[in-house]
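Below are the chains, spelled out letter by letter.
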Amino acid sequence: QVQLVESGGGLVQPGGSLRLSCAASGRIFSIYNMGWYRQAPGKQRELVAVITRGGSTNYADSVKGRFTIARDNAKNTVSLKMNSLKPEDTAVYYCKATIRIGEYSSTSDYWGQGTPVTLSS
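Reading the values: rules and limits
Residues numbered from 1 in each chain as written. Predicted model: local features only at pLDDT ≥ 70, side-chain atom pairs only at ≥ 80, totals over all residues. Heavy atoms only, no water. Pairing = 2+ DSSP bridges. Helix = DSSP H or I, 4+ residues; strand = E, 2+ residues; numbered from the N terminus. Axes fitted to C-alpha atoms, helices over the stretch in contact; angles between N-to-C directions. Buried < 20%, exposed > 50% of the residue type's maximum accessible area, 1.4 Å probe, protein only. Disulfide = S-S within 2.5 Å.

1. Describing the sheet that holds strand β7 (residues 67-72)
Here comes step 1: Taken in spatial order, the four strands line up as β1-β3-β8-β7 in an open sheet, and their pairing is antiparallel. The open sheet is flanked by β1 (2-7) and β7, the only strands paired with a single partner. Sheet twist, expressed as the mean angle between neighbouring strand axes with direction ignored, is 15°.

2. Observations concerning the pairing of β1
Here comes step 1: The alternating pattern of β1 places V2, L4 and E6 on a buried face and Q3, V5 and S7 on a face that is not buried.
Here comes step 2: Of the pairings in the sheet, the one linking β1 to strand β3 (residues 18-26) comprises six bridges and is antiparallel in character. Within β3, the residue paired with S7 across the bridge is S21.

3. A few points about the pairing of strand β10 (residues 107-111)
Here comes step 1: In this sheet, β10 lies alongside strand β9 (residues 91-100) in antiparallel orientation, the contact comprising five bridges. Across the sheet, residue I99 finds its bridge partner in β10, namely S108.
Here comes step 2: Linkage of β9 to β10, two consecutive antiparallel strands, is achieved through a turn of six residues.

4. Here we look at the state of the cysteines
Think of a disulfide as a covalent bridge from one cysteine sulfur atom to another cysteine sulfur atom.
Here comes step 1: One pass over the full model with this rule turns up one disulfide.
Here comes step 2: At a sulfur-sulfur separation of 2.1 Å, the disulfide partner of C22 is C95. Judged by the sign of its S-S torsion, about -80°, the cystine formed by C22 and C95 is left-handed. Here C22 is found in strand β3, whereas its partner C95 is found in strand β9, with 73 residues between them in sequence.
Here comes step 3: For C22, a relative accessible area of 1% gives the class buried.
Here comes step 4: Since its relative accessible area comes to 0%, C95 is described here as buried.

Put into structure tokens, the structure is as follows:
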């Protein structure tokens, strides 16, 4: 089985920074896109940032210039550095990875359990 485990969430003041990390483990042949999503209370889950295996990135307009996604293919990890945090960034942040578990397997999406980020002054 495949597991994605996030870490790094917490309570931070507006203007502050946090770094989220996500590690994929288990039966993994190859990882394709890795990304971060978030879900605020009462809202739908939304894309925050995604990174391809080759390092191409895409960000939600609301976080461009403030957040940076990066990955380490050798360690099967993805991180999200969040700067200049705003109250509207408060949400549970989820890691997602598109993974092939065997050479002849199809790809599937896997999700982490989520890590909360709370902005509070």
